[in-house]
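One letter stands for each residue in the lines below.
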Amino acid sequence: MVIASVTAESNERISTLEYPVVDLSWKRGRAAELLVRACEEFGFVKVVNHGVPRSDIAKMEAEGARFFALPPCEKQKAGPPTPLGYGIRSIGFNGDMGELEYLLLHSNPSYISQKAKTICRKDPIHFSGVVNEYVKQVRQLACQLLDMVGEGLGLQDTRVFSRLLQDSENDSLVRLNHYPPWPGSDRAGGDADRDPAGGKCRDKRSGGGRIGFGEHSDPQILSILRSNDVDGLQILSAQADDGGVWIPVPADPVAFYVIVGDALQAMTNGRLVSVRHRAMANSCRPRTSTVFFGAPSPGTRITPLPQMIKPDAPRRYKSFTWAEYKKAMYSLRLGHNRLDLFLADPDDHDQESGISN
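Residues numbered from 1 in each chain as written. Predicted model: local features only at pLDDT ≥ 70, side-chain atom pairs only at ≥ 80, totals over all residues. Heavy atoms only, no water.

Draft legend 1. Local environment of the packing of helix α4 (residues 109-119) against helix α5 (residues 124-152). Close contact between α4 and α5 brings their axes to 8 Å; oriented N to C, the two are set at 140°. The angle between α4 and α5 places the two elements in the oblique class. Along this stretch, α4 crosses α5, giving a crossing that reads as right-handed. Contact with α4, carried on its side by Pro 109, Ile 112, Ser 113, Ala 116, Lys 117 and Ile 119, involves Pro 124, Phe 127, Ser 128, Val 131 and Asn 132 of α5 and no other residues of that element. Among the residues making up the contact of α4 with α5, the classes are represented as seven nonpolar, three polar and one charged. (Axes fitted to C-alpha atoms, helices over the stretch in contact; angles between N-to-C directions. Helix = DSSP H or I, 4+ residues; strand = E, 2+ residues; numbered from the N terminus. Parallel < 35°, antiparallel > 145°, perpendicular 65-115°, else oblique. Left-handed = near helix turned anticlockwise from the far one by under 90°. Contact = heavy atoms within 4.5 Å. Nonpolar A, V, L, I, M, F, W, Y, C, P; charged D, E, K, R; others polar.)

Now the structure itself:
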């Protein structure tokens, strides 16, 4: 997961288009319908009234803040990223850079407990307890949303997606990101960079900007993202007729943002779209975010579901294992459309479909 440049083009199209919001307090059928529509049109949705305890969110944010406040020499003991571990600026294995530092962990409780000894030497038990509880809560949210996707798609087996995240061998990850403040956003000094109505920092430049994490899609099934109250997330509109417009997503610390991944796009035969997105780092205040990446086990074979293949929607993707997809991912640059490597051969009439472990 890498980027080629840390500077946005000044002629990029930025729009304040609205993006979808789903309230999980709505009637489930209605919420499921709107969730699927959002995943079809945007590959992205903001979720409110999600049920994840605020206390667990606050504890996770505090642990991240404590870690990133450590001296560099202490943080380096949790790295280098291989790809798991602590990294700064360098992202992935292909030489690209970002304007952030991060901590990437496997979601397996045993892994977190062991890794905690290099992350929080003062109290690794407390750190692992906080992270494991947060992962538990967010995984439950991801499974709930995936079940609703199954319902909204009219699948006979509505748990076909969520079972992949509940597999004891699932390859889900959690990443804590820290985007340091940018001195360039405070060139005029004082309060000139602050919104008088809300006190937020803002980028004074009319074009361009500093990229914290470059344009990419997430390879997994579903990502659940949350940030502090500093803006930075942008999604690329999936509408074919707009020529590619970046939509800034205002920060909302009490909400979660749901991002469709490549694996879910493949399993739904392209009906749900894996949205391309990035994080900007133009603020005079630090931005932090936490992302849960819901993934299947390495041996899980991913292929379009039979219900998603129809005469007017022929099979789009080959069958592949999650391990095979990860191998391809780590060999490519961040901006590469990885699913292009797994497009079905039009002359291949093999109709194998479904998901198997």
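Draft legend 2. How the structure looks around the environment of Val 21. Mapped onto the elements of the fold, Val 21 is located in strand β1 (residues 21-23). Taking the C-alpha atoms as reference points, Val 21 and Ala 31, separated by ten residues in sequence, lie 9.7 Å from one another.

Draft legend 3. Up close: the sheet that holds strand β8 (residues 233-236). Taken in spatial order, the four strands line up as β6-β11-β8-β9 in an open sheet, and their pairing is antiparallel. Both edges of this open sheet fall to β6 (211-216) and β9 (246-248), since each of them pairs with a single strand only. Taken over all neighbouring pairs, the strand axes of this sheet differ in orientation by 20° on average, direction set aside. When β8 meets strand β11 (residues 277-280), the two strands line up antiparallel, connected through three bridges. Residue pairing in the sheet places Leu 233 in a bridge with Ala 279 of β11. (Pairing = 2+ DSSP bridges.)

Draft legend 4. Broad picture of the side chain of Asn 170. Take Asn 170: it is sitting in the loop between α6 (162-166) and β5 (173-179). We classify Asn 170 as buried; its relative accessible area is 9%. A distance of 3.1 Å separates a polar atom in the side chain of Asn 170 from a polar atom in the side chain of Arg 139. Among the polar contacts listed, one links the side chain of Asn 170 to the backbone oxygen of Leu 165, at a separation of 3.3 Å. Not counting the four nearest positions on each side in its chain, Asn 170 is found in contact with His 106, Ser 107, Arg 139, Leu 164, Leu 165, Ala 295, Pro 296 and Ser 297. (Buried < 20%, exposed > 50% of the residue type's maximum accessible area, 1.4 Å probe, protein only. Polar contact = N/O pair within 3.5 Å; in protein donor to acceptor, adjacent residues only side chain to side chain.)

Draft legend 5. Here's a closer look at the packing of aromatic side chains. Scanning all chains against the criterion turns up eight aromatic pairs. Residues Phe 44 and Tyr 257 carry aromatic rings whose centres are separated by 5.7 Å and whose planes lie at 15° to one another, so their mutual orientation is stacked. Residue Phe 44 is located in strand β2 (residues 44-48), and its partner Tyr 257 is located in strand β10 (residues 256-260); the two are separated by 213 residues in the primary sequence. One aromatic cluster is present, built from ring pairs that chain together Phe 320, Trp 322, Tyr 325 and Phe 342. The lysine or arginine in question, Arg 278, covers the ring of Trp 246, its NZ or CZ lying 4.1 Å from the ring centre. (Phe/Tyr/Trp six-rings, centres within 6.5 Å; stacked < 30°, edge-to-face > 60°. Lys NZ or Arg CZ within 6 Å of the ring centre and 35° of its normal.)

Draft legend 6. Broad picture of the sheet that holds strand β12 (residues 287-294). In spatial order, the strands read β1-β2-β10-β7-β12-β5-β4-β3; together these eight strands make up an open sheet with mixed pairing. Both outer strands of the open sheet, β1 and β3 (85-90), are each paired with one neighbouring strand and no more. Looking at each pair of strands side by side, their axes are set apart by 25° on average, direction ignored. Relative to β5, strand β4 (residues 97-106) runs antiparallel, the two being bridged by six bridges. Along β5, the bridge assignment pairs Leu 105 with Val 174.

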